[in-house]
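# A closer look at the structure
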Amino acid sequence: MHPDTKEIQIVETGLRQGAGQFAEDVLKGLSSKKKRLPSRYFYDEKGSRLFEEIMKLDEYYLTNCEWDIFRKHKQDFLDLLQGEAFHLVDLGAGDAQKTRVLLNHFSSQNAKYDYVPIDINRDILEELGQLLAEEIPGLNTIPILAEYFDALDWIGKNQSGRKLVLFMGSNIGNFSKAGAAVFLTRMCRVMNPGDLLLIGVDLKKDPRQILRAYDDSKGVTARFNLNLLERINRELGGDFEIDNWRHYANYNPINGAVKSYLISQIDQKVTINSLKKTFSFDAFEAIHTEYSYKYTLKEIELLADNCGFVRLENFVCQQAGFVDSVWRVRG
Ligand code: AVJ
C-alpha cells in the first residue's frame, strides 16, 4: 500500500462467495437437465473489467442513457430529500462512475448525507473508497462487502434515518419477474416509510436495438459471457476449451426477457477437478447464463405498487427508452 493511502474500513456481512459456494452452484447448474450457470459469477476481476468495457459501447445504450438522466436530474433527486439528512445507499456500486455524478453534485450543494456503497468485490470497494477519499475529501463513505439481501438486512438493523437507495443500471433485470417482486418486497421491508428507492429499468423497445446491446459487434459481450467458463477453469480446475463455445443471446418481446447462452459447438466432455466430475455436452447444447428483463412503464408502476411502494416520479431517457423511477415506501 502506498504510504499515504488511507485505510478504508469495510463492513463485511454474511458473504458466502467462497470457492465453496461457487463450486456448489456450478455443480447444481451443470447437473440439471436444462444446464445453467448463475449470472452473479460473471463479476470476477476479469469479468468486472469486461463489464466496464461493455458500458462504454454505443450499442449498450443503457449506461449512456442513465448517465444522461443523472446529469440532467441530479438536483431533482436532491430536491426529493427536502433538505433532510440521508444515507445514499448504492446497491452494486462497482466503480460508482454514475453515482459520482450525484456525489459531486450533492457535496457541492453541502447536502447532509453519507455514502454507503455495497458490492461483492472487495478490491472494487477498496479502490472506490480510496478514490472517493481523494476526489471528495469531506464525504463519509461506509462501504459494505455483501450480497444485496445481507446488506439490506444490515442496513435495516444498523442505520436509522432517511435513505435514498440506488438500484441502477437495470440490475433488476437479472431477476425473473417473480423474483424481482420478491426482492423488492424484501427491500421495502428493510426500508422505513418515507425512504426512497431510485431504480433504473431498461424499457421494452425495438427488439433489434435490444438484441444489439447483448450481442455487440466488437464481441465484448461474448467475451464477458465466455469468461464464466474461464473462471471455472481458473478457480475450480475446469478444462473448458473456450474455442468450442459460442455466445448466443435472444430477446422475447412478449415477456421482455433477453436470455444469454453459451452454446457447445461440438460433442464434448469437460472435467472440473474440484468437483471431481465430468460433464457431457451434445453439439449445440446450451448453458443458460443470464436473464436481462425489460419492462414497460405500466409494468414498473404495477411492480412498485405490488411491492409496497408509491411511484413518485419517472425520469425517462426518451431517445433510447430507459427510466430511473423514484419510489417512496408507503407509510
Ligand atoms: C449489469 C445486469 C444490468 O443485464 O444488462 C450486460 C449485465 N449482460 N451485457 C445487463 C450484462 C450482458 C447487465 N446488468
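Please read all numbers here as calculations on a predicted model, not as lab measurements.

## Considering the domain arrangement of the chain
- Taken domain by domain, the chain comprises domain 1 (19-56 + 207-293) and domain 2 (59-204 + 295-329).
- A C-alpha centroid distance of 27 Å is found between domain 1 and domain 2.
- Residue-level contacts link 26 residues of domain 1 with 23 residues of domain 2.
- Carbon and sulfur atoms supply 45% of the area that domain 1 and domain 2 bury against each other, a total of about 2000 Å² over both sides.

## A few points about the state of the cysteines
- Under the criterion given, the structure shown has zero disulfides.
- This cysteine, Cys307, is not joined by any disulfide, and Cys188 carries the nearest cysteine sulfur, 7.7 Å off.
- Its relative accessible area of 3% is what places Cys307 among the buried residues.

## A few points about the packing of helix α2 (residues 45-55) against helix α9 (residues 220-236)
- Two elements in contact, α2 and α9, have axes whose closest approach is 9 Å; the angle formed by their N-to-C orientations is 175 degrees. In terms of axis orientation, α2 runs roughly antiparallel to α9. Between α2 and α9, the residues in contact are Lys46, Gly47, Leu50, Phe51, Glu53 and Ile54 and Val220, Thr221, Arg223, Phe224, Asn227, Glu230 and Arg234, respectively.

## Looking at the environment of Asp243
- Position of Asp243 relative to the elements: it lies in the loop between α9 and β7 (245-252).
- Residue classification places Asp243 among the exposed positions, given a relative accessible area of 70%.
- Residues Asp243 and Val316, 73 residues apart in the sequence, show an inter-C-alpha distance of 40 Å.

## Concerning empty space enclosed by the protein
- Taken as a whole and judged by the stated rule, the model has one cavity of 30 Å³ or more.
- Put simply, the largest cavity is a space of about 230 Å³.
- Along the walls of the largest cavity sit 22 residues, with Phe51, Tyr60, Tyr214, Glu290 and Ser292 positioned nearest its centre.
- If you list the elements that add at least two residues to the lining of the largest cavity, you get α2, α9 and β11 (286-293).
- Taken together, the residues of the lining of the largest cavity sort by class into ten nonpolar, ten polar and two charged.

## Quick notes on the nonpolar core
- By size, the foremost hydrophobic cluster in this structure holds 67 residues, and its most contacted members are Val26, Leu30, Phe77, Leu88, Tyr115, Phe240 and Ile272.
- Each of two domains, domain 1 (19-56 + 207-293) and domain 2 (59-204 + 295-329), supplies a minimum of three residues to this core.
- Dropping the residues within four chain positions of it, Leu30 is found in contact with Lys35, Arg36, Leu37, Phe240, Ile272, Phe279, Phe281 and Ile287.
- Counting 36 residues, the second-largest nonpolar core is a separate cluster that includes Ile144, Trp154, Val190 and Ile199.

## Some details on the site of the ligand
- The environment of the ligand is made up of 13 residues, and the closest members are Tyr60, Gly169, Tyr214, Glu290 and Ser292.
- A distance of 2.5 Å separates an oxygen atom of the ligand from a polar atom in the side chain of Tyr214.
- Ser292 has a polar side-chain atom sitting 2.7 Å from an oxygen atom of the ligand.
- Relative to its unbound accessible surface of 350 Å², the ligand loses 98% to contact with the protein.
- The cavity that encloses the ligand is the largest cavity.
- Listing elements by their share of the shell around the ligand, those giving two or more residues are α2, α9 and β11.
- When its residues are assigned to classes, the shell around the ligand shows six nonpolar, six polar and one charged.
- The residue makeup of the shell around the ligand includes at least three contributed by each of domain 1 (19-56 + 207-293) and domain 2 (59-204 + 295-329).

About the thresholds
- Residues numbered from 1 in each chain as written.
- Predicted model: local features only at pLDDT ≥ 70, side-chain atom pairs only at ≥ 80, totals over all residues.
- Heavy atoms only, no water.
- Domains from an automatic or database assignment.
- Contact = heavy atoms within 4.5 Å.
- Buried area = accessible area lost by both parts, 1.4 Å probe.
- Disulfide = S-S within 2.5 Å.
- Buried < 20%, exposed > 50% of the residue type's maximum accessible area, 1.4 Å probe, protein only.
- Axes fitted to C-alpha atoms, helices over the stretch in contact; angles between N-to-C directions.
- Helix = DSSP H or I, 4+ residues; strand = E, 2+ residues; numbered from the N terminus.
- Parallel < 35°, antiparallel > 145°, perpendicular 65-115°, else oblique.
- 1 Å grid on protein atoms, 1.4 Å probe; cavity = no way out; pocket = protein on both sides within 12 Å on 5 of 7 lines; lining within 4 Å.
- Points joined across faces, edges and corners; volume = space filled by probe spheres on them.
- Nonpolar A, V, L, I, M, F, W, Y, C, P; charged D, E, K, R; others polar.
- Core = buried A, V, L, I, M, F, W, Y, C linked by side-chain atoms within 4.5 Å.
- Near = heavy atom within 4 Å.
- Polar contact = N/O pair within 3.5 Å; in protein donor to acceptor, adjacent residues only side chain to side chain.
- Areas by Shrake-Rupley, 256 points an atom, 1.4 Å probe, with all protein chains shown as cover.
- Sits in = over half its atoms within 2 Å of the grid points.

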